[in-house]
Structure formats: C-alpha cells, structure tokens
Amino acid sequence: MKERLLTKDYCSIVAANFLLYFGFWLMIPILPMYLKSTFECGTGLAGLIISCYTLTALCMRPFSGYLFDTFSRKPLYIIGYLLFVTVFAGYQVAGSIALFTCLRAIHGLAFGLVTVGGNTMVVDIMPQSRRGEGLGYYGMANNMAMAIGPMVGITIYNNSHNFPAIFTTGLVICGFGLLMGSLFKTPYSPPLQREPFKLKKIILVKGIPAGIALLLLSIPYGMTTNYIAIYAQQIGLLTGVSFFFTLTAFGMAIARILAGKLVDKGYITEIIQNGFYGVIASFVAIAMLGQISDYSSNLGMVIFYIIPIVMGLSFGVMFPAYNSVFVNLAPASQRGVATSTYLTSWDIGLGLGIVFGGQIAQMFNFSCAYLFGTTMSVVAAILFKFWVTPEYKKNVGKKNEVNSENYNLN
C-alpha cells in the first residue's frame, strides 16, 4: 500500500517554506529602489548592501548542516525563523545605511539557517518511499513564491510608493509562516555524537569543477533577480515588470516536470549543456533590450515577456540535473556535503552578480553589466563541456549516472 505523503505535518512545513520564500522574493525587486529613494544610494553601493544578505546566507549554510545534525532540529528552525520575521520590523526603523546593512546581513544569516533546517526536516517527515515526489512538491513551493512575491511587491510599490507597507506585508506573511512552522512535528532523533567540525567536511572536492561552472552561471542570474525591475524602468518598460518573475517561475515549473524523466534516463550532462543555449540567449537579449526598446517599445515589451519564459525553461531543466551531478559524485555518507557544495557555489555566484552588476551599471550601464554576465555564462558553458563533463563521466560513468538516486533539492 502506498504511504500517505500529504500529511498534516508535511503540509505545514511546505506552507512554512512557501511563506518564507514569499517574504524573500517580495523584497528582491524593491530593495534597489528603496535604497536609492531613502538613502540616495548609487547602484554600486546598493548592490554591495543587498549582497550582504547573500554573503551571510552563504557563510551560514555549511555550518547549518552541522548544527542541525548535532542539536535538536525543531528549536533551531524556530529560532532562525523568528529572527527572519523580526528583521522585517527592523527595516521599518532603520534610519541609516549602516543599520540597514547590519539588518540585511542578519536577515541572510537567518535565511541560511532556516532553509537548511527546512530541507533537512522535510526529509524526516515524509515517507522514504515517496521522498523524490515529496522533495519535488517542496521545491515547487519556492517556484510559487517566486511567481507571486515579486509581483505583489512591485504592485504595492507602483500603487502607493509606500516602502513601509511592503515591509509590513513581509512581516505579516512570514509571521504566518512562523506559525505554520511551529505546527508540524518531527520524529524524535537523538543528537549524534560527531567528530569535531572541520572545514574539509563541508566541501565536495570532486564537485569543485562543477561548482566553478555553476558559480559563473549564477552571476548573471543574480544580476537579473535584483536589477531587472530598475533596469526595465530606466529603458522605459514601465508596465508589466512584475510579471517577469511570474513568467520565469512558470517556465521553471513546466521544465521541472519534463526534466525529471530525462534525468532518470541518464541524460544529465546533456540536459545541462543544452540548457546553456537558452540561458545564454536570454542574457544576450536582456543586454540588447535597451537598444531594442529604442527601436520599438512594443517589440521591446514582447521580448521582455519572452525572455523570462526561455530563462525559466532553461534553468528549470538545469537545476535538477545540476543537483544530480553533485549528488552522484558523492558517496551516500557525503550527500549533505554534496548539497552544501552545490548551494554554496550558487550563492557565491549570486552575491558576485549583485556586486558586479551594481558596480558595472554605475560605471557604464546595465547593458554592459549584462554583457559581462553573458560572458560569464559562455565561459561556464565551455568549462562544463570540456572540463566538468569529462571529469563527471570519469568519476561516475554512464551506468551509475542512470541508476543513482536523483532528488531535486533546489
């Protein structure tokens, strides 16, 4: 008899995950405009401040895995979630750039702790026989939040230009998430007796080549998530910007359905190599969007709506396949390390994308920033084909690639 997946506890943690990411995505397109309006920050400084979130989340994630394996998981999760919620209230009273930067850094630490905890405990809750399916639904909650959160934030801003209202919305939404996170129960698991923490335990050495390529790939993605709204505003695309993230999430959702079967058939590296074509084309189109809009605003708007669909489809097929590369390179005892290396590589690239994107846009313009990002994705594609793929085939092989357990944790 098939074990039940949609239990009360499982639904509670998925809802908590959705509301957490809703609060995260609500802020993403708004913060550059908030910093520029409130503190008169240039694009470069705004990028540095915003990147504090990603950098502190990056620093927290590897240590979070160690903490959740060593101490009681639920209390750590609740503490991290409560801190995440509280920072939204702090944004309301931040009267200086220094204080806002500190709050942004704390927000990243809390996010790094809660996301690792949620991914760990959802595995505890679901039946082992339906783990792949359960993790798929759990990941879909992130896509739903990505589809709705930015649209809500931009809509509130366009209708009221009231930043405190956006912060309050995040506070309320994530407060409900904290409530949902307090409702689920996990099976009791006594703390493990572990060896002293060592840095070598958080890096998958065999995954370094794949990690470097993934880092370069995520640089232009970080630029897009943080600057697409203000870039569109600068080039005169004033309507429908909020749907960019919705269409991206829609493309990802469709791609996840298609990618799973292909990954199970063993076409892991082939999926990633083909995904690069759509990714590169998307960033080239973004870089040229200003010139296209000058020629025809209607054509610019049409392309602006096509870009996120292509980007979502491309990244959507690449994410589960790329995650499988790391999981397949690691023995079962190091799957946590593999996942940490995968997420850490992605986070480093996001942070660099925010910093580089802001600095280049300030010195030149956003078109130049996206040309730089496109170059990084081209280099990543070359590295993946001629370095990562041969190393992966040598370490895993076609037979193991097909038969390995591949779970989508992104």
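Residues numbered from 1 in each chain as written. Predicted model: local features only at pLDDT ≥ 70, side-chain atom pairs only at ≥ 80, totals over all residues. Heavy atoms only, no water.

On a plain count of helices and strands, the chain comes out with 15 helices and zero strands. A burial count over the chain gives 55% of its 410 residues as buried. Roughly 17,300 Å² of accessible area belongs to the chain as shown, and the carbon and sulfur atoms make up 67% of that amount. (Helix = DSSP H or I, 4+ residues; strand = E, 2+ residues; numbered from the N terminus. Buried < 20%, exposed > 50% of the residue type's maximum accessible area, 1.4 Å probe, protein only. Areas by Shrake-Rupley, 256 points an atom, 1.4 Å probe, with all protein chains shown as cover.)

Time to look at a nonpolar patch on the surface. A contiguous nonpolar surface patch, about 430 Å² in accessible area, is contributed by Ile203, Val205, Ile208, Ile212 and Trp387. With respect to the secondary-structure elements, Ile212 resides in helix α8 (residues 208–234). Judged by its relative accessible area of 34%, Ile212 falls in the partly exposed class. (Patch = residues over 30% accessible without salt bridge, like charges linked within 9 Å, V, L, I, M, F, W, Y side chains within 5 Å. Salt bridge = Lys/Arg side-chain N within 4 Å of Asp/Glu carboxyl O.)

Helix length check: α8, at 27 residues, gives a terminal C-alpha distance of 38 Å against a target of 39 Å (1.5 Å per residue), a fit within 8%. Roughly 65° is the biggest bend found in α8, and it falls at Tyr227. Within α8, 23 of the 27 residues are buried, which leaves it mostly tucked inside the rest of the structure. (Expected span 1.5 Å × (residues − 1). Bend = angle between axes of the 7 residues up to and from the residue.)

So, on to the pattern of salt bridges. Once their charged atoms are close, side chains differing in charge can pair, the charge on each being opposite to the other. Enumeration according to the criterion identifies one salt bridge in this entry. A salt bridge links Lys394 to Glu391; the nearest nitrogen and oxygen atoms lie 3.4 Å apart. Here Glu391 and Lys394 lie together in helix α14 (residues 366–395), a separation of three residues that amounts to about one turn. Judged by its relative accessible area of 62%, Lys394 falls in the exposed class.

The subject of this paragraph is the side chain of Ser12. You can see Ser12 is positioned in helix α1 (residues 8–27). A polar contact of 2.9 Å, which involves the side chain of Ser12, links it to the backbone oxygen of Lys8. Ignoring any residue separated from it by four or fewer positions in sequence, one finds Ser12 in contact with Met180, Leu183 and Phe184. (Polar contact = N/O pair within 3.5 Å; in protein donor to acceptor, adjacent residues only side chain to side chain. Contact = heavy atoms within 4.5 Å.)

For the rest of this paragraph, the subject is the packing of aromatic side chains. Per the counting criterion, the structure on display carries 38 aromatic pairs. For the pair Tyr77 and Phe184, a centre-to-centre distance of 5.7 Å together with 65° between the ring planes defines the contact as edge-to-face. One end of the pair, Tyr77, is in helix α4 (residues 73–93); the other, Phe184, is in the loop between α7 (163–183) and α8, with 107 residues separating them in the sequence. By the burial criterion, Tyr77 is buried, and Phe184 matches it. (Phe/Tyr/Trp six-rings, centres within 6.5 Å; stacked < 30°, edge-to-face > 60°.)

Looking at the element boundaries, Ser324 is found in helix α12 (residues 297–329). In this structure Ser324 comes out as buried when scored by relative accessible area, which is 1%. Once the C-alpha coordinates of Ser324 and Ile268 are considered, the two residues, 56 residues apart in sequence, prove to be 7.5 Å apart.

On to the packing of α8 against helix α10 (residues 268–287). The interhelical angle for the contact between α8 and α10, taken along N-to-C directions, is 35°, at an axis separation of 12 Å. Read as a crossing pair, α8 and α10 show a hand that is left-handed. Across the interface between the two elements, Leu217, Pro220, Tyr221, Thr224, Ile228 and Tyr231 of α8 pack against Phe276, Val279, Phe283, Ile286 and Ala287 of α10. Split by residue class, the contact of α8 with α10 holds 10 nonpolar, one polar and no charged. (Axes fitted to C-alpha atoms, helices over the stretch in contact; angles between N-to-C directions. Left-handed = near helix turned anticlockwise from the far one by under 90°. Nonpolar A, V, L, I, M, F, W, Y, C, P; charged D, E, K, R; others polar.)

One non-glycine residue, Glu40, lies in the positive phi region at around 55°. Positionally, Glu40 belongs in the loop between α2 (31–39) and α3 (43–70). Taking relative accessible area as the criterion, Glu40 reaches 71% and is therefore assigned exposed. We note that His161 has phi near 50°; this positive angle belongs to a residue other than glycine. The residue His161 is located in the loop between α6 (131–160) and α7 in this model.

As a further point, take the packing of α8 against α14. At a minimum axis separation of 9 Å, α8 and α14 run at an interaxial angle of 160°. Put simply, α8 runs roughly antiparallel to α14. Crossing geometry of α8 relative to α14 is assigned as left-handed. Across the contact of α8 with α14, the residue classes tally to 23 nonpolar, five polar and no charged. (Parallel < 35°, antiparallel > 145°, perpendicular 65-115°, else oblique.)

Here Phe84 shows up in helix α4. Given a relative accessible area of 0%, Phe84 falls into the buried group. For Phe84, the contacting residues outside a window of four places in its chain are Leu20, Phe24, Tyr53, His107, Ala110, Phe111 and Cys174.

All right, on to the side chain of Arg104 then. Note that Arg104 resides in helix α5 (residues 97–125). This buried residue, Arg104, is left without a salt bridge; Asp347 holds the nearest opposite charge, at 12 Å. Not counting residues up to four positions away in its chain, the partners in contact with Arg104 are Ile28, Leu31, Ile49, Ile50, Tyr53, Thr56 and Tyr91. (Lys, Arg positive; Asp, Glu negative; His and termini not counted.)

Okay, the confidence of the model for the chain next. Here the chain averages 82 in pLDDT, and 85% of its residues register 70 or above. Mean pLDDT across the elements of the chain ranges from a minimum in helix α15 (residues 397–403), with 45, to a maximum in α14, with 94. Confidence drops under a pLDDT of 50 for residues 398–410, and excluding neighbours within four residues, the segment shows 44 contacts in the predicted structure. (pLDDT = per-residue confidence, 0-100.)

By the element assignment, Ala361 lies in helix α13 (residues 335–363). Residue Ala361 is classed as buried on the basis of its relative accessible area, which comes to 10%. Taking C-alpha positions, Ala361 is 10.0 Å from Gly47, a pair spaced 314 residues apart along the chain. Residues in contact with Ala361, not counting those within four places in the same chain, are Thr43, Phe366 and Ala369.

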